[in-house]
Amino acid sequence: MAQHAFDLVVIGGGPGGYVAAIRAAQLKMKVALVEREHLGGICLNWGCIPTKALLRSSEIFHLLHNLGDYGLEAKEVGFDFAKVIKRSRNVAGQLNRGVQHLLRKNKVTVFDGQGRLDGKQTVAVERDGKTVDVLTAPHIILATGARARTLPGLELDGRLIWTYKEAMVPDAMPGSVLVIGSGAIGIEFASFFHAMGAEVGVVEVLDRILPVEDEEISAFARKAFEKRGIKILTKATVKELKTAADSVTATVAIEGGATETITAERVILAVGIVGNTEGLGLEGTKVRVEKTHVVTDPWMATGEPGVYALGDLAGPPWLAHKASHEGVLCVERIRGLKDTHPLDVTKIPGCTYCYPQVASVGLSEQAAKAAGHEIKVGRFPYIGNGKAIALGETEGMVKTVFDAATGELLGAHMIGAEVTELIQGFVLARQMEATELDIMATVYPHPTLSEMMHESALDAYGRAIHF
């Protein structure tokens, strides 16, 4: 059995793990990365990237059905669903190979197998239940990610009842889909399948969809989705799923004690995640697990000296970009760099790539009030923006929340075309602790969608020009 000594061992090759490994190598550490399946993790192979490829196909298909709005026409508009899926998988494959190249370029040693803590400063690499390598290092990062949560009575079968994984590689386009859960994953799949022609329903146990978003944005999104024909039930719980030959019937408890039955060809469970803590050898260590996720301090350190955890395995928000940033912070802290600071989760953007898109950063209007802030709120609609009108994308709004006393931008919330690209301007403003004066004094190019960001800040102080 081979034994190898390193400065750092990373277990898990997702966006948190591989970024941590590369940053450590840049800082002259000898690094090993252990991955049991695909480099790039769920995000690159089965999440963030391939879903965006699917959504791009559905976006184009949607535009093809509205060519008349642009003075264009096309005959016999259709799609080859197998090719839509194949393109998504090819995109994921290309990026997977890119991660392999980056790790080789940075001289990170990759071990294929399941990594497990095996005593102080030791990781055993297992394949087929047998230990094939033993790695030692004073620092070990756990970055094993998470998997889809399942619920009692709503068991998966992989054919009719799917998680995100099966939903990305169906054999054929379903005629109808029921999505259970209305977070980012559920809403993105609802948007994709609806745009491709399926009848889509969404069931959410809470009182609104996209529950982590600002309430006003959430309500706007629901109205937009229902206008397109997506059926949405909130304050509703799926009690039972009964499968037939090629369909599933859901029994749904709705507000007031009544029940409703919904039959669809396929059901997608999108009800959260659970951390991949099993098989890591945490037993007998001081690593603490709460609700399937590893507890860490602000620097990603666990209770076990020399052992760290980050990304979806650790605390929320469970986002790929948060995991990558944690990987960098963790390694730089290990190396003693002076210019590192704990991660402020209110400066992490969230994006949902549905149609229309949703993006936000910082405190919602409700959260700002709950935190005791006196606030000023600005809004600007897409219909008031020249570029949006030219694009034919007039559905949406930009909302900003400022501290009334200091002028600090507390939060920004957006819905509409390309807001997932626009939000970074507000993220930078949050990072730099920008005030309303900073944003107002910034020159925004014309004609662009970004002008709405400026106008929203102006509106908060009664100075909007175009609305």
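Residues numbered from 1 in each chain as written. Predicted model: local features only at pLDDT ≥ 70, side-chain atom pairs only at ≥ 80, totals over all residues. Heavy atoms only, no water.

Caption draft 1: View of the overall build of the chain. When helices and strands are counted, the chain shows 13 helices and 26 strands. Against the compact-globule benchmark of 23 Å for 467 residues, the chain has a radius of gyration of 24 Å, which places it among compact chains. Oriented by its inertia axes, the alpha-carbon framework of the chain measures out at about 65 × 60 × 50 Å. Going through the 467 residues of the chain one by one, you find that 51% of them count as buried. Across the chain, the fraction of contacts at a sequence separation of at least 24, relative to all contacts at a separation of at least 6, is 63%. For the chain, the exposed area adds up to about 21,800 Å²; of that, 53% sits on carbon and sulfur atoms. (Helix = DSSP H or I, 4+ residues; strand = E, 2+ residues; numbered from the N terminus. Rg over C-alpha atoms; globule rule 2.2 N^0.38 Å. Buried < 20%, exposed > 50% of the residue type's maximum accessible area, 1.4 Å probe, protein only. Contact = heavy atoms within 4.5 Å. Areas by Shrake-Rupley, 256 points an atom, 1.4 Å probe, with all protein chains shown as cover.)

Caption draft 2: Up close: the sheet that holds strand S22 (residues 350-352). Taken in spatial order, the five strands make up an open sheet running S22-S23-S26-S25-S24, and their pairing is antiparallel. The two strands at the open ends of the sheet, each matched to only one other strand, are S22 and strand S24 (375-381). Adjacent strand axes in the sheet meet at a mean angle of 10 degrees when their direction is disregarded. Alignment of strand S23 (residues 358-362) against strand S26 (residues 409-415), held across five bridges, turns out to be antiparallel. In the strand pairing of S26, Ser360 is matched with His413. Sitting on the sheet, helix H13 (residues 451-460) is in contact with S24, strand S25 (397-403) and S26, with an inclination near 140 degrees to S24. (Pairing = 2+ DSSP bridges. Axes fitted to C-alpha atoms, helices over the stretch in contact; angles between N-to-C directions.)

Caption draft 3: Just the pattern of salt bridges, in detail. For the structure on display, the rule yields 21 salt bridges. Across the pair Glu326 and Lys322 runs a salt bridge whose closest N-O atoms are separated by 3.1 Å. In this pair, Glu326 and Lys322 both sit in helix H8 (residues 320-334), four residues apart, roughly one turn of the helix. Of the charged contacts in the structure, one is a salt bridge between Glu365 and Arg379, with a shortest N-O distance of 3.6 Å. Taken together, the residues Glu365 in helix H9 (residues 365-370) and Arg379 in strand S24 connect sequence positions 14 residues apart. Residue class for Glu365 comes out buried when judged on its relative accessible area of 13%. Given a relative accessible area of 28%, Arg379 falls into the partly exposed group. When salt bridges that share partners are traced, they join Asp214, Glu216, Glu365, Lys369, Arg379 and Lys399 into one network. (Salt bridge = Lys/Arg side-chain N within 4 Å of Asp/Glu carboxyl O.)

Take it as geometry only, folks, not as evidence of what the structure does.
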